[in-house]
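Listed here are the chains, written in short residue letters.
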Amino acid sequence: MALVIGLGAWYLRQTDDDLAMVRLQAAQELAVGLGVNALTRHLDTVNRDLRYVASEESLRVLLNEGSPIALGHLTLDFIAFSDAARFYDQIRWIDETGLERVRVDRVAGKAVVIPAERLQNKGTRYFFTDTMALNPGQVFVSPLDLNIEGDAIERPYKPMLRLATPVVDAAGKRRGIVILNYLGRTMLDEFASAVGRLSDDIQLLNGDGYWLMSRDPADEWGFMFKQPLTLGNRYPEVWAQLRTADQGQLHTSSGLWTWRTLYPLKSGEVSSTGAAEAAGPSQGRMHQDNYLWKAVSRVHPRQLTAHGAETATRYGIIAAILIGIMAVVSWLLATSLAERAKARELLERFANTDGLTGLGNHRFFMDQLKQQWYLFQRHTELPVGILMIDLDHFKGINDGHGHAVGDMVLQHVSRILCASLRQIDTAGRIGGEEFCVLLRGSDLDGVRVFAERFRRQLETEPVIVGYLQITVTASCGGSTFLSTDTIPAAAMQRADAALYRAKAAGRNRVELAEVSV
C-alpha cells in the first residue's frame, strides 16, 4: 500500500506540474495576444487620424492660396483635433523646404500653438526626407523611438511614433508633409495594462531585438544610444528562435518564453531604419515584411522551480497522510485526470475554432465535410447541400474603414449565419471573407431557400459602427453531393464555380451548380 500511494503521489505531482504548465502556457499565449491587439488598435487609430488631418479643407485651401487667413484656419483645425484626440504630442504641417509652418503641441493636457519665431527647420530629419520621397497618398511610419527636441534626446524620455504623408496643391506640386507625433507611452501603457494580470515580465522588441519596453527600464531604447542592449546579446539561443518565427513558445534554462509578431505597416505604408542623431539620415527604407515588433512574455526559472518545489512538498505530505486511505488517492487521481482531459479538450477547441467569428475554422470544416461525404457514399438517398458564401467588396470596407471595422463586419455576418442554421448544419470560416455551410438533408432547392433567406437578411441588417451604417451583401454558390463524386471536395468545387458565376453576374445573388441529381 505504501508503494502504491508513493507512486500515486509521484504521478499526481507530475500531472499537477503538467497541468500547471498547460495553464501557464495558455495564459502566456493569451497575454501576448492581448498585448498585440492593444497595439493594433492604437496603430489603426493613428493611421485613420493622419488621413483625416491630411484631408482637411483648410489645408487644401492653404496649399492653393497660401493666405494668412487660410494659415489661421488650419491652425484652428489643428487645435480642435489636438483637443479631441489628446494623445498627439505634435501636429504639424512642414513645408517643402523642411520648415515648420503650423505646429500645435500638447502641453499639460492643452493644445498650444507654437509661435513663428520658435518654429524649426526639420529638413535634415529622416522622417521629413523619407516622407517627401513618397508618392501622394502613401504613409510613412517612423520607428518607435525617443523624441529629439532641438539637437538632443528629450528628457524625461518621450517615446514617439511619427506618421506622415506628403501633401500637394491643386497643380500636383509637393507642398511638404503633414505629420502626427503620437505619444508612444499611451500605446505602451495600454500594452502593459492589457497583459499585466497574466504576465509579470512583458517585453516589446523591435525587429533588431532592442527593447522598446522592458521590466528593467535601463534596458530600453539601447539603439538610441548606440548600446548593445538587445535580447540577442543577452539570450542568443532565445533570439535565434524569436527572430525566425512569427509566434511560438520556448522553454529554456532562462525561462518560458512566449512571443507573437506584429507588423505595424499596412498596404501603402513604408518606414525606414530611422536615426538616433538629430540631423541624421535613415540608413534605408523598410517595407511591410521587415518592419516588425515582437511582443514577448517571459516566465522566470525561479517561478517554475518554486512551483515544482511547492508541489513536491504538498504531495509528500499527502503521501504520508494517505497510507491506508487508498480511496482518497483514487479520488485525487480521478480528479487530476479529469482536469487534464478538460485542458486537452480546451486546447482542441481552440485548434478547431476561428478566433474572430467563433465558427469552425478551415481544418474543422474540411474534417466535417469528409465525414459527411463518407456517410453519403453509404446512404446516397439522403441529400447533402454545400453553400459557399463570399462577402462583396469586403476589401473596400477594410480599406475605407480599417481592419477593426472589417472584423466587426465578419462577426456580424457570422451571427446572422449562425441564427439561420439548424442543429444538424455546420458552418465554417474557410478564408478571409469566405464562409461555407454544410446543409445535411438539403437538396438544391433547400440550398437555394437557405441561401436566399441568409442573403436577404444580411442585406437588410446593416452593421452599425458609431454613426456609420455599413450595408453588407454576399454572393452565394450552392451545390450538393453527387453519387458520382470521387472526392469529398467535388461538391465544394461546384459550389465555388457557382459562386464565381454569382460574382460575375453582378454580386448579391445566389447561383446553383449546373450539375445535379
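Residues numbered from 1 in each chain as written. Predicted model: local features only at pLDDT ≥ 70, side-chain atom pairs only at ≥ 80, totals over all residues. Heavy atoms only, no water.

### Considerations on the overall build of the chain
No. 1: Along the chain, the regular secondary structure elements total 14 helices and 23 strands.
No. 2: Along the first, second and third principal axes, the C-alpha set of the chain runs to 85 × 70 × 35 Å.
No. 3: Within the chain, buried positions represent 49% of all 517 residues.
No. 4: A fraction of 64% describes how many contacts in the chain between residues 6 or more apart in sequence connect residues 24 or more apart.
No. 5: For the chain, the accessible surface area stands at approximately 24700 Å², while carbon and sulfur atoms represent 55% of it.
No. 6: Of the side chains in the chain, 55 bear a positive and 59 a negative charge, and the two mean positions are spaced by 1 Å. (Helix = DSSP H or I, 4+ residues; strand = E, 2+ residues; numbered from the N terminus. Buried < 20%, exposed > 50% of the residue type's maximum accessible area, 1.4 Å probe, protein only. Contact = heavy atoms within 4.5 Å. Areas by Shrake-Rupley, 256 points an atom, 1.4 Å probe, with all protein chains shown as cover. Lys, Arg positive; Asp, Glu negative; His and termini not counted. Charge placed at Lys NZ, Arg CZ, Asp CG, Glu CD.)

### Describing the pattern of salt bridges
No. 1: The full count for this structure, using the stated rule, is 24 salt bridges.
No. 2: A salt bridge links Glu-100 to Arg-92; the shortest N-O distance between them is 2.8 Å.
No. 3: Arg-92 gets classed as buried once you look at its relative accessible area, which sits at 2%.
No. 4: Ionic pairing is found between Asp-105 and Arg-103, a salt bridge with its closest N-O pair at 2.9 Å. (Salt bridge = Lys/Arg side-chain N within 4 Å of Asp/Glu carboxyl O.)

### Comments concerning a nonpolar patch on the surface
No. 1: A surface patch of nonpolar side chains, amounting to about 330 Å² of accessible area, comprises Ile-317, Ile-321, Ile-325 and Val-328.
No. 2: Relative to the helices and strands, Val-328 resides in helix 9 (residues 326-352).
No. 3: Note on Val-328: relative accessible area 34%, which makes it partly exposed. (Patch = residues over 30% accessible without salt bridge, like charges linked within 9 Å, V, L, I, M, F, W, Y side chains within 5 Å.)

### Regarding the nonpolar core
No. 1: In this structure, Phe-78, Tyr-88, Trp-93, Leu-144, Leu-161, Leu-204 and Trp-293 are the most contacted members of the largest nonpolar core, which totals 50 residues.
No. 2: For this core, the leading source of residues is helix 1 (residues 2-54), giving 8 residues.
No. 3: Aside from chain neighbours lying at most four places away, what touches Tyr-88 is Thr-45, Val-46, Asp-49, Phe-81, Arg-106, Leu-180, Asn-181 and Tyr-182.
No. 4: Judged by nonpolar contacts, the second largest core, of 30 residues, contains Ile-416, Val-463, Val-465 and Val-510. (Core = buried A, V, L, I, M, F, W, Y, C linked by side-chain atoms within 4.5 Å.)

### A look at the packing of aromatic side chains
No. 1: By the definition in use, this model includes 14 aromatic pairs.
No. 2: Residues Tyr-157 and Phe-225 carry aromatic rings whose centres are separated by 5.7 Å and whose planes lie at 45 degrees to one another, so their mutual orientation is tilted. Of this pair, Tyr-157 sits in the loop between strand 7 (152-153) and strand 8 (159-168) while Phe-225 sits in the loop between strand 11 (211-213) and helix 6 (231-234), placing them 68 residues apart in sequence.
No. 3: By relative accessible area, which is 38% here, Tyr-157 ends up partly exposed.
No. 4: With a centroid separation of 6.1 Å and an interplanar angle of 80 degrees, the aromatic rings of Tyr-291 and Trp-293 are classed as edge-to-face.
No. 5: By relative accessible area, which is 1% here, Trp-293 ends up buried.
No. 6: Each member of the aromatic cluster is reached from another via a ring pair, and the members are Tyr-52, Phe-81, Phe-87, Tyr-88 and Tyr-182. (Phe/Tyr/Trp six-rings, centres within 6.5 Å; stacked < 30°, edge-to-face > 60°.)

### Some words on the sheet that holds strand 19 (residues 434-440)
No. 1: With mixed pairing, 5 strands are arranged side by side in an open sheet as 18-19-17-22-23. In this open sheet, the two edge strands, each paired with only one partner strand, are strand 18 (426-429) and strand 23 (510-512). For this sheet, the mean inter-axis angle between neighbouring strands, taken without regard to orientation, is 15 degrees.
No. 2: Pairing geometry for strand 22 (residues 474-480) and strand 23, over 3 bridges, is parallel. Within the sheet, the bridge partner assigned to Cys-476 lies in strand 23 and is Val-510.
No. 3: Across the sheet, helix 10 (residues 362-378) is in contact with strand 17 (384-391), strand 18 and strand 19; its angle to strand 19 comes to roughly 25 degrees.
No. 4: Here helix 14 (residues 490-504) sits on the sheet and contacts strand 17, strand 19, strand 22 and strand 23; the angle it forms with strand 22, its principal contact strand, is near 145 degrees. (Pairing = 2+ DSSP bridges. Axes fitted to C-alpha atoms, helices over the stretch in contact; angles between N-to-C directions.)

### Things to note about the packing of helix 12 (residues 403-420) against helix 13 (residues 444-460)
No. 1: As a packed pair, helix 12 and helix 13 sit with axes 10 Å apart at the nearest point and diverge in direction by 140 degrees. Compared by their axis directions, helix 12 and helix 13 come out oblique. The two elements helix 12 and helix 13 cross, and the hand of that crossing is right-handed. Contacts between helix 12 and helix 13 pair His-412, Val-413, Ile-416, Leu-417 and Ser-420 from the former with Phe-450, Arg-453, Phe-454, Gln-457 and Leu-458 from the latter. (Parallel < 35°, antiparallel > 145°, perpendicular 65-115°, else oblique. Left-handed = near helix turned anticlockwise from the far one by under 90°.)

### Here we look at the sheet that holds strand 10 (residues 202-206)
No. 1: Across the sheet, 5 strands lie side by side as 11-10-16-13-12; this open sheet has antiparallel pairing. Edge positions in the open sheet fall to strand 11 and strand 12 (247-252), since each of these has one partner strand only. Across this sheet, the average inter-strand angle for adjacent strands is 30 degrees, counted without regard to direction.
No. 2: Pairing of strand 10 with strand 16 (residues 293-299), which is carried by 5 bridges, proceeds in the antiparallel orientation. Within strand 16, the position partnered with Ile-202 by the bridge is Ser-297.

### Quick look at the packing of helix 11 (residues 394-401) against helix 12
No. 1: Orientation of helix 11 relative to helix 12, taken along the N-to-C sense of each, is 140 degrees, at an axis distance of 7 Å. Judged by the angle between their axes, helix 11 and helix 12 are oblique. Two secondary-structure elements touch here, helix 11 through Phe-394, Ile-397, Asn-398 and His-401 and helix 12 through His-403, Val-405, Gly-406, Val-409 and Leu-410.

### Digging into the environment of Val-405
No. 1: Mapped onto the fold, Val-405 is located in helix 12.
No. 2: In the structure, Val-405 is positioned 59 residues away from Ile-464 in sequence and 9.7 Å away in space, judged by C-alpha atoms.
No. 3: With residues near it in sequence (within four places) discarded, Val-405 still touches Ile-397, Val-465 and Ile-470.

### Section: helix 10
Given 3.6 residues per helical turn, the α-helix brings residues three or four places apart onto the same face.
No. 1: In this model helix 10 runs 25 Å from its N-terminal to its C-terminal C-alpha over 17 residues, within 8% of the 24 Å that 1.5 Å per residue would give.
No. 2: Those residues of helix 10 that fall on the buried side of the exposure criterion are Phe-365, Met-366, Gln-368, Leu-369, Gln-372, Trp-373 and Phe-376. All buried residues of helix 10 project into a common sector of 160 degrees when viewed along the axis, lining one side. In helix 10, the exposed positions that point more than 90 degrees away from the buried face belong to Gln-371 and Arg-378.
No. 3: Summarising the contacts, the buried residues of helix 10 are in contact with strand 17, strand 18, strand 19 and helix 14. (Expected span 1.5 Å × (residues − 1). Arc of directions from axis to C-beta.)

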